[in-house]
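Chain residues, written in single-letter form:
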Amino acid sequence: MNRRWPWICAALLLAACSGSDPASGVAGGNVGDVPAEEWQPLPPAPRLGPEVLAAREALLGPDATDPSKVKLWWVGVSSFVASMGGHLFLFDAWEPLGLQADYVPIGRDELAAIRPEAILVGHGHFDHAADAGHVAGLSGAALVAGGTVCATARARAAELPASVDFPCLLLGDRDTPGVGSVRSIRIWSDLPPVTVIQHPHSAADPSDLLTGGLPLVFVPEVLVYLENLNTDPQETLRFVDALFDDGLVGQPEGGTWMYQLRVGDFSLLWHDSTGPIGDDEAGEAVREALAALPDCVDVQAGAIVGFGMVTSGLRDSLAYVDAARPQLSIPSHHDAWAPVIGGGASAYETQWRNALATLSHPPELDYLRDPQDYLVPRVYDIDDPRWKSPAAGSRCAGGR
C-alpha cells in the first residue's frame, strides 16, 4: 500500500515469502506476557536476511539502523518507525484508515516486513494500537504495553492465517502502578534503561470552561478526505471493528505511558497523548517525573491534539513541553486521520507556534506536516555537541 514507491513491492514480496523465523533470536528468552520486573532484556540487534534488509532500504533508505544516529520516520497520527543504537522498533502501530485510504504511504504489512524488534505502545485506543497484533504476529516483535493492549493484540494475531509467537512486556493497567509512577526498564541489553512514566490520557473537562478555558478553534482539512476516499468495504469493516479497542474514549483500560530512551549523549521522549497535569496530586507527580528525568530531554515527540482541546485548547499539550524542557519539539497526532477530529497539521500550526512562544524557554520546533513529512527521516547524530549541554531552563536531574 504505497503510491509513492511502487517499486518496493518486490522487496516486500521477498520479505513475505522468506522462510526464516521472524521471532528467532529476538525475544531474548521472554515468552508470553511478562511483568516488567521479570523482563529479560532483548539481545543486540539480530542479523537479518537479504529480504528484510531490502524491505528496510526500500521504505526507510540506506543505513536505517546506523548506530551513530537516532532516526524517526512519521507514519501517521503518533506512530513512528524509530532507529536507535542499531535497533529498529515502532512507537505505536496503526495504519490510518476509515473514510480515507492510502493517505499515509505505508501500511501494516510493510511495517511487519521491516521486522521491528519491538513495538512501544503509548495507549490502546484504535488509532494507536489497532495493528499491534498484526505487526507483532507477522514479525515476532516484542510488545511493550498495558495488559489489555497485549490481550487484544494476541486475539488479532490469532486471526492471521499464520503468525509467530511474540512476548509482551506488561506495563500495568489504568490504575497500576498509577498515574505519576516512574520505572526504569532495560528493554534492550545493549541500551540504557528506558524510563516509563504513567500519565493521564487527554480528557475534556467541562469545568475548565468555568475557569477561563476555551475550546481550540481551527479550520479542519476536508479536501484530503475526498482526494483519498476509501472505497474498500473490507478496510471500512476493519476500522469499525477496532473502534472500541481499549475503552474507545477516556482513560484507556491499559493505561497511558510515555517513554524516555537514551543513547550516547542523546535523549528522546515520546508520548502519544497529553492529559491534564494540573495542581492535583497525580498531575503534580507527572510534572515532577518529567522535570526529574534521568537525563535532559533533547527531542520530545509528543501529541498536541486530544480531547482536552475541546475545553482547554492547547493548555495540556503545552504543559508537557514546559515540564520536559526539550531542546527540540516535534508535534504529532495532528494530521488528517479522521474528519473534523483530525484537522490536519496546517489547521494547528499557527496556534501551536504561538503557544510555544509563551513559554519562558521555548524549544526549537520541527513542525511535521502531512502528508509531505510522512516517512521523511528525522536524523540526529548522537555525538552532536548540542546534546552535551542541557536546554536553557532545563530542570533535568543533575544536568550533564
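What you see is a predicted model, and the numbers here were worked out from it, not measured in a lab.

S.K.: Got a minute to help me understand the packing of helix α9 (residues 281–291) against helix α11 (residues 315–324) in this structure?
M.R.: To characterise two packed helices, one gives the angle between the axes of the helices and the distance between these axes. Direction vectors running N to C along α9 and α11 enclose 40 degrees, while the axes themselves pass 7 Å from each other. Here α9 lies oblique to α11, going by the angle between them. Residue-level contacts link Arg287, Leu290 and Ala291 of α9 to Tyr320, Ala323 and Ala324 of α11. Residue classes in the contact of α9 with α11 are distributed as five nonpolar, no polar and one charged.

S.K.: Explanation requested: the pattern of salt bridges in the structure shown.
M.R.: Note that side chains of opposite charge can pair when their charged atoms are close. Counted under the stated rule, the structure contains 18 salt bridges. The salt bridge partner of arginine 154 is aspartate 33, with a shortest N-O separation of 2.9 Å. You can see arginine 154 sitting in helix α6 (residues 147–158) and its partner aspartate 33 sitting in strand β1 (residues 33–35), a full 121 residues away along the chain. Look at arginine 154 and you get partly exposed, because its relative accessible area is 26%. Two residues, arginine 378 and aspartate 366, come together in a salt bridge whose shortest N-O distance is 2.8 Å. Note that arginine 378 is positioned in strand β15 (residues 378–381) and aspartate 366 in the loop between β14 (364–365) and β15, a separation of 12 residues in sequence. The same class applies to arginine 378 as to aspartate 366, namely buried.

S.K.: How should the confidence of the model for the protein chain be read in this particular structure?
M.R.: In regions of low pLDDT, the predicted coordinates are not meant to be interpreted in detail. Taken as a whole, the protein chain shows an average pLDDT of 90; of its residues, 92% reach a score of 70 or greater. When the criterion is pLDDT under 50, residues 1–20 qualifies, and its contacts beyond four places in sequence or with other chains add up to 44 contacts.

S.K.: Looking at this structure, how should I read the sheet that holds strand β7 (residues 168–170)?
M.R.: Taking strand neighbours across the sheet as the criterion, the eight strands line up as β1-β7-β6-β5-β4-β3-β2-β15 in an open arrangement whose pairing is mixed. Each of the sheet's edge strands pairs with one partner strand only, and the pair in question is β1 and β15. When strand polarity is set aside, the average angle formed by the axes of neighbouring strands in this sheet is 20 degrees. Here strand β6 (residues 142–145) pairs with β7 via three bridges, running parallel. In the sheet register, leucine 143 faces β7, and the bridge partner there is cysteine 168.

S.K.: Is there a simple way to think about the nonpolar core in this case?
M.R.: Formed by 76 residues in total, the largest nonpolar core has its most connected members in Phe91, Leu120, Leu143, Ile187 and Tyr259. Ignoring any residue separated from it by four or fewer positions in sequence, one finds leucine 120 in contact with Phe89, Leu90, Phe91, Asp92, Val144, Ile187, Trp188, Tyr259, Leu261 and Trp270. In terms of nonpolar packing, the next biggest core, distinct from the first, is built from 16 residues, Tyr348, Leu356, Leu365 and Tyr367 among them.

S.K.: How should the packing of α11 against helix α12 (residues 345–357) be read in this particular structure?
M.R.: In contact at an axis separation of 10 Å, α11 and α12 are set at 45 degrees when each is read in the N-to-C sense. Looking at the two axes, α11 sits oblique to α12. Of the two elements, α11 crosses α12, and the hand of that crossing is right-handed. Taken together, the residues of α12 that come into contact with α11 (itself represented by Ser317, Leu318 and Val321) are Trp352, Ala355 and Leu356. Of the residues assigned to the contact of α11 with α12, the class counts are five nonpolar, one polar and no charged.

S.K.: What should I look at first to understand α6 in this one?
M.R.: Structurally, the α-helix is built with 3.6 residues per turn, so residues lying three or four positions apart point the same way. For α6, spanning 12 residues, the distance from its first C-alpha to its last is 17 Å, which sits close to the expected 16 Å at 1.5 Å a residue. Here α6 has its buried residues at Val149, Cys150, Ala153, Arg156 and Ala157. Considered in projection along α6, the buried side chains sweep an arc of 125 degrees and stay on one side of the axis. For α6, the secondary structure elements touched by its buried residues are β1, α4 (126–129), α5 (132–139), β6, β7 and α8 (233–242).

S.K.: I'm lost on the environment of tryptophan 74 in this one. Help?
M.R.: Mapped onto the secondary structure, tryptophan 74 falls in strand β2 (residues 69–74). We classify tryptophan 74 as buried; its relative accessible area is 1%. Separated by 150 residues in sequence, tryptophan 74 and valine 224 have C-alpha atoms that sit 18 Å apart. Setting aside residues up to four positions removed in sequence, tryptophan 74 forms contacts with Ser79, Phe80, Ser332, His334, Asp335, Leu368, Arg369, Asp370, Asp373, Tyr374 and Leu375. Here valine 77 takes part through its backbone oxygen, which lies 2.8 Å from a polar atom of the side chain of tryptophan 74.

S.K.: For this particular structure, what's the right way to read α5?
M.R.: With seven of eight residues buried, α5 lies mostly within the body of the structure. Along α5, the residues that are buried comprise Ala132, Gly133, His134, Val135, Ala136, Gly137 and Ser139. Along its buried surface, α5 packs onto β4 (87–91), α3 (108–113), β5 (118–120), α4, β6 and α6.

S.K.: Please clarify how the sheet that holds strand β8 (residues 182–185) should be interpreted in this entry.
M.R.: Adjacent strands of a sheet form backbone hydrogen bonds with each other and so pair up, either parallel or antiparallel. Here we have seven strands laid out as an open sheet, ordered β8-β9-β10-β11-β12-β13-β14, and mixed in their pairing. What marks the edges here is a single partner per strand, and that holds for β8 and β14. In the packing of α9 onto the sheet, the strands contacted are β8, β9 (194–198), β10 (257–263) and β11 (266–271), and the crossing angle to β9 comes to about 165 degrees. Its contacts with the sheet place α11 against β10, β11, β12 (299–303) and β13 (328–332), and it is angled at close to 160 degrees to β12.

Quick notes on the rules
- Residues numbered from 1 in each chain as written.
- Predicted model: local features only at pLDDT ≥ 70, side-chain atom pairs only at ≥ 80, totals over all residues.
- Heavy atoms only, no water.
- Axes fitted to C-alpha atoms, helices over the stretch in contact; angles between N-to-C directions.
- Helix = DSSP H or I, 4+ residues; strand = E, 2+ residues; numbered from the N terminus.
- Parallel < 35°, antiparallel > 145°, perpendicular 65-115°, else oblique.
- Contact = heavy atoms within 4.5 Å.
- Nonpolar A, V, L, I, M, F, W, Y, C, P; charged D, E, K, R; others polar.
- Salt bridge = Lys/Arg side-chain N within 4 Å of Asp/Glu carboxyl O.
- Buried < 20%, exposed > 50% of the residue type's maximum accessible area, 1.4 Å probe, protein only.
- pLDDT = per-residue confidence, 0-100.
- Pairing = 2+ DSSP bridges.
- Core = buried A, V, L, I, M, F, W, Y, C linked by side-chain atoms within 4.5 Å.
- Left-handed = near helix turned anticlockwise from the far one by under 90°.
- Expected span 1.5 Å × (residues − 1).
- Arc of directions from axis to C-beta.
- Polar contact = N/O pair within 3.5 Å; in protein donor to acceptor, adjacent residues only side chain to side chain.

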